Amino acid sequence: MKKKLYSTAAMTLVAGLLAGCGNEKEKDAAKDESGKDTFNIGVTQIVQHDSLDQAYEGFQAALKDSDINAKYDLQIAQGDQNNSQTIANNFVGDKVDLIFANSTPSALSALNATKDIPIVFTSVTDPVAGELVTSLEKPGGNVTGTTDSHPEAIAKSMKFLAEELGAKTIGTVYNTGEQNSVVQIKNVKAEAKKAGLKVVEASVSTSADVKQATESLIGKADAFYIITDNTVVSALESVISVANDQDIPLFVGELDSVNSGGFAAYGFSYYDIGYEAGQKAVEILKDGKKPGDIPVQYPQKLKLVINEKAAKDMGVEIKEEWKADAEFVK
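Each chain carries its own residue numbering, running from 1 in the written order of its sequence. Totals for whole chains, interfaces and linings use all residues, but because this is a predicted model, local features are given only for residues with pLDDT of at least 70 and pairs of side-chain atoms are given and counted only at 80 or more. The basis for every side-chain value is the complete set of non-hydrogen atoms in the structure, without hydrogens or water.

Going by the annotation in an unreviewed UniProt entry, the name recorded for the protein is ABC transporter substrate-binding protein, with Peribacillus castrilensis given as the source organism.

Structure representation (structure tokens):
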């Protein structure tokens, strides 16, 4: 019996070695055929919604435009931080060549998981306050990326709400568990105060809470302002529904939410910041640069976009003078 077991074990070992050799040959053949290395990239995303999906598309386009071969493993955490950490840990176990972290929670999980594998993030509001990087100019460590916070976006939004819509009180819904959101709400309050606005808040833990939280603001706010909170944006249709039913203007934090039915936003393309993050990945994979030596970048283009249909649905009359400064979608 023992001899049979030993014989079986030996055969298994030989088969494994042969299979291993075969796999190595297959890898070499693939490399020879293309003439280029293929990089394995782990993509971690906290939830699925249009803005984050656009950022991922932009990231892929940047690598393709730079003639980089890449295999992507996209994993979505469904809004669960524990899932996010598991995803990051698995990428480290898989020894991916680079992690693309699409959101603040995703980036934090990746950094918790590794100090060695390069991490490129996007859709992060304040990477310094979130303790992802030492500074924007010199990130340090194994991390760099692009932010989804333009320095002027919130200030311009508050000014428009106060001066153009005549709002006095702004209602906002956000997840207090998202560091990204806590930073933004702090800025919203500061800029609202400068504009003479009062802010009323409703907090949520999951996307299922969003509609009820929004409804709790009825009668308390004469306009809504939704930041780039992943939990709320993933259920934005609930906010839009309340805004339409109650004729409450809904100002949003990014342009994809305008296309989805928000009234207006000072924003930028998430595809663009994803593309810019991809360019940083190219510097790491192709040029051999260290992530910590590559500065973090703000969005490069800020513009006002107004949704004409949403304006009508929310009882907002389009002013002629807005047409000089804003882009319009229907």
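S.K.: Residues and numbers for helix H2 (residues 50-65), please.
M.R.: One turn of the α-helix equals 3.6 residues, which is why residues spaced by three or four share an orientation. End to end, H2 covers 22 Å across 16 residues, agreeing with the expected 22 Å (1.5 Å per residue, within 8%). Categorising residues by exposure relies on relative accessible area from a 1.4 Å probe, with only protein chains included: less than 20% of the type maximum marks a residue as buried, more than 50% marks it as exposed, and the intermediate range marks it as partly exposed. A run of DSSP states H or I qualifies as a helix once it reaches four residues; a run of E qualifies as a strand once it reaches two. Both are numbered from the N-terminal end. When we look at burial in H2, the residues that qualify are Ser 51, Leu 52, Ala 55, Tyr 56, Gly 58, Phe 59, Ala 61, Ala 62 and Leu 63. Within two residues after H2, Asp 67 carries a phi angle of roughly 60 degrees, on the positive side. Each residue after the first adds 1.5 Å to the expected span of a helix.

S.K.: Quick one: what's the story with the pairing of strand E10 (residues 264-267), residue by residue and with numbers?
M.R.: Where burial is concerned, the two faces of E10 agree: the one with Ala 264 and Tyr 266 and the one with Ala 265 and Gly 267 are both buried. Pairs of strands are assigned from DSSP output, requiring at least two bridges between the strands. Where E10 and strand E11 (residues 303-307) come together, four bridges link them in antiparallel fashion. From the neighbouring strand, Ala 265 faces E11, where its bridge partner is Val 305.

S.K.: Talk me through the sheet that holds strand E3 (residues 98-102); I want residue IDs and the actual numbers.
M.R.: With parallel pairing, five strands are arranged side by side in an open sheet as E2-E1-E3-E4-E5. The open sheet has two edge strands, strand E2 (69-76) and strand E5 (143-147), and neither has a second partner. Ignoring strand direction, the axes of neighbouring strands in this sheet form an average angle of 20 degrees. Where strand E1 (residues 38-45) lies against E2, eight bridges are found, and the strand directions are parallel. The residue bridging Asn 40 from the neighbouring strand is Lys 71, located in E2. Helix H3 (residues 81-94) contacts E1, E2 and E3 of the sheet and is inclined by roughly 170 degrees relative to E1. Contacts are assigned to residue pairs that have any heavy atoms within 4.5 Å of one another. Axes here mean lines fitted to C-alpha atoms, for a helix over just the part in contact, with angles spanning 0 to 180 degrees between N-to-C directions. Helix H4 (residues 104-113) contacts E1, E3, strand E4 (119-124) and E5 of the sheet and is inclined by roughly 155 degrees relative to E4.

S.K.: So, the side chain of Ser 109: which residues are in play, and what are the values?
M.R.: Relative to the elements of secondary structure, Ser 109 occurs in helix H4. Accessibility expressed as a relative area gives 0% for Ser 109, which makes it buried. At 2.6 Å, the side chain of Ser 109 forms a polar contact with the side chain of Gln 81. Setting aside its immediate chain neighbours within four residues, Ser 109 contacts Gln 81, Ser 84, Gln 85 and Ala 88. We define a polar contact as two N or O atoms separated by no more than 3.5 Å, with the added condition that, inside protein, one atom must be a possible hydrogen donor and the other a possible acceptor, whereas residues neighbouring each other in sequence contribute only through side-chain atom pairs.

S.K.: Run through unusual backbone geometry, naming residues and quoting values.
M.R.: Negative phi is the rule for most residues except glycine; trans is the rule for most peptide bonds. The residue Gln 78 is not glycine, and still its phi comes out positive at about 55 degrees. As for its position among the elements, Gln 78 is in the loop between E2 and H3. The phi dihedral of Ser 103 is positive, around 135 degrees, even though this residue is not glycine. Checked against the element boundaries, Ser 103 lands in the loop between E3 and H4. The class for Ser 103 is buried, based on a relative accessible area of 0%.

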